[in-house]
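Okay, here's what each chain looks like letter by letter:
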Amino acid sequence: MFVFKAAVVGAGTMGGEIAQTIADAGIPVVLKDVKDEFVEHGLGKARSVWQARVEQGKLEAAELERRLGLITGATDYSSFGDVDFVIEAVPERIELKQAVFEELDAVTPGRAILASNTSALSITELGEVTGRPDKVVGFHYFYPASVMRLIEVVEGEDTSPGTAQSATNFAQRIRKLPIRCAEAPGFVVNRILNSSVSELWRYQVETGIDVKELDKIVAESKAAPVGPFYLSDLLGLDTVLNVAMHLADAYGERFCTHPGMKELVAAGNLGAKTGKGFYEHSS
Ligand SMILES: NC(=O)c1ccc[n+]([C@@H]2O[C@H](COP(=O)([O-])OP(=O)(O)OC[C@H]3O[C@@H](n4cnc5c(N)ncnc54)[C@H](O)[C@@H]3O)[C@@H](O)[C@H]2O)c1
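Residues numbered from 1 in each chain as written. Predicted model: local features only at pLDDT ≥ 70, side-chain atom pairs only at ≥ 80, totals over all residues. Heavy atoms only, no water.

Draft legend 1. Up close: the overall build of the protein. When helices and strands are counted, the protein shows 11 helices and 8 strands. Its C-alpha atoms give the protein a radius of gyration of 19 Å, within 12% of the compact-globule value 19 Å for 283 residues. If you line up the protein on its principal axes, its C-alpha atoms span 55 × 45 × 30 Å. Considering only intrachain contacts with a sequence separation of at least 6, the fraction spanning at least 24 residues in the protein is 66%. Surface exposure of the protein reaches about 12,800 Å², of which carbon and sulfur atoms provide 54%. Here the protein holds 28 positive side-chain charges and 39 negative ones, and the gap between their average locations is 6 Å. (Helix = DSSP H or I, 4+ residues; strand = E, 2+ residues; numbered from the N terminus. Rg over C-alpha atoms; globule rule 2.2 N^0.38 Å. Contact = heavy atoms within 4.5 Å. Areas by Shrake-Rupley, 256 points an atom, 1.4 Å probe, with all protein chains shown as cover. Lys, Arg positive; Asp, Glu negative; His and termini not counted. Charge placed at Lys NZ, Arg CZ, Asp CG, Glu CD.)

This is the structure we're talking about:
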């Protein structure tokens, strides 16, 4: 299927830049959140990606405005009546995502593919609440979405081969690198990433080393650009904790869930997006 118009639901850490990647390929996209200020936040993220390119001499200022003009902000579903491909990027809670999928099923044309950026939840369970489980698929970007090329196209039990192929084609059209994977816990990337990050989290718990010191050692070793605690802050501690708990449930104690992270999440300190996590962040 050819995507003439797309939509993204949720304009948080991921959604704004997901919309940016779609508009970057010349495709009109609606960016929906529940409040104007959240929509503005997402549009601001998209603008800042293009603004950096303007400053580097890689993009004309007029082109920035043209691409930004392809993103329509929304707090309701009134412009979803002619969309072909929707990417849901709301917080990682199954009941919330299922409610959004029920709504999307009602407001989008029957031909539309309903995709989820979920990091760990079941695509099958998202499809089950719709009348089109064959058109429900995982479309998992990585942070930051404007930079990371990989997209995991995740097939649920009911996802049709045609839907998986259309999602793969769409990923290529927006110049990403799709890989197809089954609905296994952690899919491919988070299963690999968390197996090593788990060891660092566990080491911190066992030794009591200061998290900033451990991050510094990892960054200086050049094993990764930033350490695991700073990275978790950037990704959002609620999201990271959800994935970690899901992997521990599925594969057992070899996947660590960090107690300090649990305390921060319980206190509402979710990292960069709330201004405080393992680190303090200015907005
Ligand atoms: N943060 C990451 O690094 C990352 C990476 C890959 C995938 N993901 C996945 O992407 C999804 C979103 O994660 P995030 O980090 O962007 O979350 P986030 O908390 O930063 O943003 C979620 C946004 O969804 C909005 N929202 C909540 N309910 C909504 C509704 N009913 N309709 C529209 N918008 C609604 C919130 O207001 C918020 O702006 C999750 O499934 C997560 O697992 C996250």
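Following the structure, the description resumes.
Draft legend 2. Focus on unusual backbone geometry. The residue after Tyr 143, namely Pro 144, is reached through a cis peptide bond having omega -5°. Looking at where Pro 144 falls in the secondary structure, it is placed in the loop between β6 (136-140) and β7 (150-155). In this structure, Phe 187 takes a positive phi of about 50° despite not being glycine. Positionally, Phe 187 belongs in the loop between β8 (177-182) and α7 (189-207). Judged by its relative accessible area of 6%, Phe 187 is buried. (Buried < 20%, exposed > 50% of the residue type's maximum accessible area, 1.4 Å probe, protein only.)

Draft legend 3. Local environment of the environment of Leu 234. Tracing the backbone through its elements, the reader meets Leu 234 in helix α9 (residues 228-235). Separated by 91 residues in sequence, Leu 234 and Tyr 143 have C-alpha atoms that sit 8.6 Å apart. Ignoring anything within four residues of it in the chain, the contact list for Leu 234 reads Thr 13, Tyr 143 and Ala 272.

Draft legend 4. Representation of a negative patch on the surface within the structure. On the surface, Glu 125, Glu 128, Glu 157 and Asp 158 cluster together to form a negatively charged patch. Inspection of the secondary structure assignment puts Glu 157 in the loop between β7 and α6 (161-173). The exposure class of Glu 157 is exposed, given its relative accessible area of 67%. (Patch = residues over 30% accessible without salt bridge, like charges linked within 9 Å, V, L, I, M, F, W, Y side chains within 5 Å. Salt bridge = Lys/Arg side-chain N within 4 Å of Asp/Glu carboxyl O.)

Draft legend 5. Fine view of the site of the ligand. Taken together, 24 residues are adjacent to the ligand, and Asp 33, Glu 92, Lys 97, Ser 119 and Leu 235 come closest. Asp 33 is positioned such that a nitrogen or oxygen atom in its side chain is 2.6 Å from an oxygen atom of the ligand. Between the ligand and Val 90 there is a distance of 3.4 Å, counted from an oxygen atom to a backbone nitrogen or oxygen. When the ligand sits alone it has 840 Å² of accessible area, and the protein chains cover 89% of it. Residues of the shell around the ligand, tallied by class, amount to 11 nonpolar, 8 polar and 5 charged. (Near = heavy atom within 4 Å. Polar contact = N/O pair within 3.5 Å; in protein donor to acceptor, adjacent residues only side chain to side chain. Nonpolar A, V, L, I, M, F, W, Y, C, P; charged D, E, K, R; others polar.)

Draft legend 6. The arrangement of the packing of aromatic side chains in detail. A complete count under the given rule lists 9 aromatic pairs for this structure. Their ring planes at 75° and their centres at 4.8 Å tell us that Phe 229 and Phe 278 sit as a pair that is edge-to-face. Separated by 49 residues along the polypeptide, Phe 229 in helix α9 and Phe 278 in the segment after α11 (259-266) bring together distant segments of the chain. The pair Phe 229 / Phe 278 is uniform in exposure class, with both members buried. On the numbers, 5.5 Å between centres and 40° between planes, the contact of Tyr 251 with Phe 255 is tilted. Since its relative accessible area comes to 19%, Tyr 251 is described here as buried. A connected cluster of aromatic rings, assembled from ring pairs, spans Phe 85, Phe 139, Tyr 141 and Phe 170. The residue whose ring lies beneath Lys 32 is Tyr 77, and the NZ or CZ to ring-centre distance is 4.7 Å. (Phe/Tyr/Trp six-rings, centres within 6.5 Å; stacked < 30°, edge-to-face > 60°. Lys NZ or Arg CZ within 6 Å of the ring centre and 35° of its normal.)

Draft legend 7. Structural view of the nonpolar core. Membership of the largest hydrophobic core comes to 36 residues, with the highest contact counts inside it found for Ile 22, Phe 139, Tyr 141 and Phe 170. Setting aside residues no more than four positions away along its own chain, Phe 170 makes contact with Val 3, Ala 6, Ile 22, Ile 27, Phe 85, Ile 87 and Phe 139. Formed by 19 residues, the second largest nonpolar core is a distinct cluster that contains Phe 80, Val 90, Leu 104 and Cys 181. (Core = buried A, V, L, I, M, F, W, Y, C linked by side-chain atoms within 4.5 Å.)

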